[in-house]
Amino acid sequence: MRVARLASRQSCLQFTRHIVSSPEKTAMETATPLAQALGLTVDVRENMREHDQSSTGFLSKRELEQTSSAFFSQPERSVRGWEAASAAQRRIMSEVDACLDRDLLGDVLIVGHGGVGALLYCGLSGRAIDRGHVQDMGGGVWFEFDSILRLPLKGWRPMEAL
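Residues numbered from 1 in each chain as written. Predicted model: local features only at pLDDT ≥ 70, side-chain atom pairs only at ≥ 80, totals over all residues. Heavy atoms only, no water.

Caption draft 1: Here's a closer look at the sheet that holds strand β3 (residues 107-111). Across the sheet, which stays open at both edges, the three strands sit in the order β2-β1-β3 with parallel pairing between neighbours. Lying at the two open borders of the sheet, with one neighbouring strand each, are β2 (42-44) and β3. Here the strands of the sheet are splayed against their neighbours by 25° on average, with no regard to which way each runs. Alignment of strand β1 (residues 16-21) against β3, held across five bridges, turns out to be parallel. Its bridge partner lying in β3, Ile 19 is registered against Leu 109. (Pairing = 2+ DSSP bridges. Helix = DSSP H or I, 4+ residues; strand = E, 2+ residues; numbered from the N terminus. Axes fitted to C-alpha atoms, helices over the stretch in contact; angles between N-to-C directions.)

Quick look at the structure:
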């Protein structure tokens, strides 16, 4: 419902000319209706995916919290077989650079997931990888960054603030 409301308010995305998304289901469920509302196509990029957590499968909330904390506090290490945070950060930063280094006109909307979003935010702002930069609003959030300077302009905000 939140994405549908945002898609119906096309004026807030009026300068968006490109939508880039992770191939994962939840990202596509956000990117696709926004692209349709704006008459755009979604550029699906495999390297925009969330950090690989497939080694553990489903974890209880408690285990997920503990493993996520270790993921962010030990960024050079693969925790329980997960992709290391530093490797995921290099991947997402490289993919964002590849998308933005093309000769594009207009705004680029990048749709992804919380873990790599936090890693991207830390990388763009020059901060160490830290779980404190994970958005804590339950999803449907965004941050804006200068695509030339590659610097965040503000922190995480709910999509309704767009």
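From this point, the discussion proceeds with the structure in view.
Caption draft 2: A nonpolar patch on the surface, seen in detail. Together, Ile 148, Leu 149 and Leu 151 make up a nonpolar patch on the protein surface, roughly 340 Å² of accessible area in all. Structurally, Leu 151 is set in strand β6 (residues 151-152). (Patch = residues over 30% accessible without salt bridge, like charges linked within 9 Å, V, L, I, M, F, W, Y side chains within 5 Å. Areas by Shrake-Rupley, 256 points an atom, 1.4 Å probe, with all protein chains shown as cover. Salt bridge = Lys/Arg side-chain N within 4 Å of Asp/Glu carboxyl O.)

Caption draft 3: View of the environment of Arg 91. You can see Arg 91 is positioned in helix α4 (residues 85-100). The exposure class of Arg 91 is buried, given its relative accessible area of 11%. Spatially, the C-alpha atoms of Arg 91 and Asn 47 are 6.5 Å apart, while their sequence positions differ by 44 residues. Ignoring any residue separated from it by four or fewer positions in sequence, one finds Arg 91 in contact with Asn 47, Met 48, Arg 49, Glu 50, His 51, Glu 83 and Val 116. (Buried < 20%, exposed > 50% of the residue type's maximum accessible area, 1.4 Å probe, protein only. Contact = heavy atoms within 4.5 Å.)

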